[in-house]
Amino acid sequence: MSESPRRSARSGSRLQRLRAESGPRKLGSARRAQMITTYGVGSMIAIDSESFIVRGLDSWHVPSEFELTEPRLQYRLDVDGFHLPPAATDENAPSDGVHVARFPQWYSCSTCHALDEHRRLTADPKKNKCGKCETTELTPSRFVMVCENGHLDDFPYWLWVHKSEERPAGGATSHRLEIRTAGRTASLRSIRIHCSCGVAPKSLEGALGRTALASLGIRCSGRRPWLRDDSAPEECTEDPRAIQRGSSAAWFPMVSSALTIPPWSQGANKLVRPYMAKFRDRTDEEILVYIGMTPQLQKSGYEATDLLEAVRVARRATEAREAKEEDAAAVLIDPLRRDEYEQLQRSTEYDHRVSPDFETQDPGDLGDIPDRTGIDQVMLVPRLREVRALTSFTRLTAPTSAAPERHSALSRNPQGWLPAIEVVGEGVFLRLDRARVARWEQGHPGVARRADVVREHHLELLAEQAGPDGDPELSPVTPRLLLVHTLAHVLIDEWSLDCGYPASALRERLYVDDEMTGVLLYTATSDSAGSLGGLVSQGRPDALARSLDSALTRAAWCSADPLCMESPVSGADNVNLAACHCCVLLPETSCEQFNRFLDRAMLIGTPQDPEIGFFHDLG
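Since the structure is predicted, the reported quantities are computational estimates derived from the model, not experimental observations.

Calculation notes
- Residues numbered from 1 in each chain as written.
- Predicted model: local features only at pLDDT ≥ 70, side-chain atom pairs only at ≥ 80, totals over all residues.
- Heavy atoms only, no water.
- Core = buried A, V, L, I, M, F, W, Y, C linked by side-chain atoms within 4.5 Å.
- Buried < 20%, exposed > 50% of the residue type's maximum accessible area, 1.4 Å probe, protein only.
- Helix = DSSP H or I, 4+ residues; strand = E, 2+ residues; numbered from the N terminus.
- Contact = heavy atoms within 4.5 Å.
- Pairing = 2+ DSSP bridges.
- Axes fitted to C-alpha atoms, helices over the stretch in contact; angles between N-to-C directions.
- Parallel < 35°, antiparallel > 145°, perpendicular 65-115°, else oblique.
- Left-handed = near helix turned anticlockwise from the far one by under 90°.
- Nonpolar A, V, L, I, M, F, W, Y, C, P; charged D, E, K, R; others polar.
- Phe/Tyr/Trp six-rings, centres within 6.5 Å; stacked < 30°, edge-to-face > 60°.
- Lys NZ or Arg CZ within 6 Å of the ring centre and 35° of its normal.
- Expected span 1.5 Å × (residues − 1).

Visitor: Hey, could you go over the nonpolar core for me, with residue numbers and the actual values?
Guide: Within the largest apolar cluster, 60 residues are counted, with the highest numbers of intra-cluster contacts made by Leu432, Leu483, Leu487, Leu491, Trp495 and Leu603. Broken down by element, the residue count for this core peaks at ten residues, all from helix 14 (residues 479–498). Those residues in contact with Leu603 that lie beyond four places of it in its chain are Leu483, Thr486, Leu487, Val490, Leu552, Ala555, Gly613, Phe614, Phe615 and His616. Grouped together as the second largest cluster of nonpolar side chains are 41 residues, Ile47, Phe103, Val146 and Ala250 included.

Visitor: Can you lay out the sheet that holds strand 12 (residues 143–146) for me, pointing to particular residues and giving the numbers?
Guide: Strand order in the open sheet formed by three strands is 13-12-17, and the pairing between neighbours is antiparallel. The open sheet has two edge strands, strand 13 (152–154) and strand 17 (241–244), and neither has a second partner. Going across the sheet, the axis of each strand differs from the next one's by a mean of 40°, ignoring polarity. Pairing of strand 12 with strand 13, which is carried by three bridges, proceeds in the antiparallel orientation. Across the sheet, the residue bridging to Val144 is Asp154, located in strand 13.

Visitor: How would you sum up the packing of helix 12 (residues 434–443) against helix 14? Please name residues and give values.
Guide: Viewed as axis vectors pointing N to C, helix 12 and helix 14 meet at an angle of 120°, and their least axial separation amounts to 10 Å. Judged on the interaxial angle alone, helix 14 and helix 12 are oblique. Like other packed secondary-structure pairs, helix 12 and helix 14 cross with a definite hand, here right-handed. Contact residues: helix 12 offers Arg434, Val437, Ala438, Trp440 and Glu441, while helix 14 offers Pro479, Arg480 and Leu483. Among the residues making up the contact of helix 12 with helix 14, the classes are represented as five nonpolar, no polar and three charged.

Visitor: Before we move on, could you go through unusual backbone geometry and cite the residues and values that matter?
Guide: Residues Phe103 and Pro104 are joined by a peptide bond in cis, for which omega reads 0°. In this structure, Leu396 takes a positive phi of about 75° despite not being glycine. Mapping Leu396 onto the fold places it in the loop between strand 20 (375–394) and strand 21 (417–432). Since its relative accessible area comes to 14%, Leu396 is described here as buried. Look at Phe594: it is not a glycine, yet its phi comes out positive at around 55°. Tracing the backbone shows Phe594 in the loop between helix 16 (563–566) and helix 17 (601–604). With relative accessibility at 44%, the residue Phe594 sits in the partly exposed group.

Visitor: Can you break down the packing of aromatic side chains residue by residue, with the values?
Guide: Counted according to the given criterion, the structure contains twelve aromatic pairs. Judged by centre distance (6.2 Å) and plane angle (55°), the ring pair of Phe143 and Phe155 falls under tilted. Highlighted residues: Phe143 in strand 12 and Phe155 in the loop between strand 13 and helix 4 (157–161), separated in sequence by twelve residues. By the ring-pair criterion, three or more aromatic residues cluster together here, those being Trp106, Phe143, Phe155, Tyr157 and Trp160. The ring of Trp160 carries Lys202 above its face, with NZ or CZ at 4.0 Å from the centroid. The ring of Tyr511 is capped by Arg337, whose NZ or CZ atom sits 5.7 Å from the centre of that ring.

Visitor: I'd like to hear about helix 14, residue by residue, with values.
Guide: Look at helix 14: 29 Å from first C-alpha to last across 20 residues, which is about the 28 Å you get at 1.5 Å a residue. Counting buried residues along helix 14, 17 of its 20 residues qualify, which places the element largely inside the surrounding structure. Looking at the residues trailing helix 14, positive phi occurs at Gly500, about 90°.

Okay, structure coming up:
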């Protein structure tokens, strides 16, 4: 990362070194994967005693050629390709890396208690030292001001202590703010703001309330400090709110992902994948000339005509996908999942000339697993590749398609690309018998009743997020979603014990709608924890039978029971039933639904009505 004054990032052991562009001061490090999921554009990052905001894509220095391509995802997101978050190739290279800017601007001194903008408090902006006390490090403001449209600004200390009066013309020379703590606690009531003008000190009690700032007449400033030119704030009518700088509500990433599947993942098709943007409007003759001029293609072991045919196949796949997009417009699930679901049910052929990005194997006879459990297909996935791209972000509430106007842009103008990472790992695909699932859904009224509770709460949440003028999206909640999702969670917990992976290194990918009842469980991280091996072996019939028995036995009892099983609702958004941290909740990196839409009763039933559970007669 580089500050504006900028900081450069260098990749070493997947770490980006953070240093000031204006000098050799090393600031810290961040993984490239974190630049998509944790410290992406618009997020705040704490580095030692300072705080910064990651700047927009238009300030990034990226190569002319794309480092990552995934045609299906590119088409879906309407971009030409993807770039890895840049890292400096030379420790002394000042212009490389992800740029950051100081934010919040307001800092305080713990010795003299001064509270003001950083540039007024320090004699040297390159150093984070109080200009008056000289040796005391300044502390960034604990609080910032945000709104649901994604705008971000400093907490309005002047307006807060003066009860919405405008800042005096004399500024810091006539009015000086101080922040003091009364008592021995760090509660907001103990934090008091003093002004040299003699106005009564005011504590920060109540400052984090939903209407605290609006009640003082404080309006959203419309600022977007992560963009290069923030001189023209947007008009905004949303009421601002104060939150703590480190709150998880300060930045919710919107990440889209796709698996690389045939024809893009294997053989000649994999080789031509990075060049498809160049081949888009070219004739066969022009493509053959380009192939002959490209060493990587010339020395691939394939004839030029084979590579040309791969381009044709890729074009046909793109045309077929465009036709599917229109049919899938009203479908709740991402259309990319349909193609993946079909491919995950087929064994792939191996081409020794090019290592595949997608490989599936049939483990053979499942024995009595289908009859006992309703799992009618298992596919081993020894190798897969997933591309994850950051598309936008929100503040205060998680992203939803019901309110696209609240998705904040990553740059002032579209760049034609998005930041992304790739994960190469392994996994196991499970498919439940669709007919058996349908009979279970319709065979017991308690199943639909429990799912309806979750669905109604989710619809209320969607309506609230859409606002009075928005169009709430449809809820995907069905009994089969709760069933497949909860099954994925208990298996991830079980496999983390059996194969050595931490649960945070495993991830689910759900394939659930009227036509699909499957889930892919796979390695989720790009570091060493995602390449331990051994996950595929959990899908072999003997190991899978043991895992299922053990996982469902664990799910039958929670240390928080009976409260957990009898809870009318649970979870942050009230969209879970029998699910808590003692039984089925996972690290958020593992769950694509943010630990929502879970209910153990869908697996094993309730003590009063065990037949609700899909696996109630297991064994």
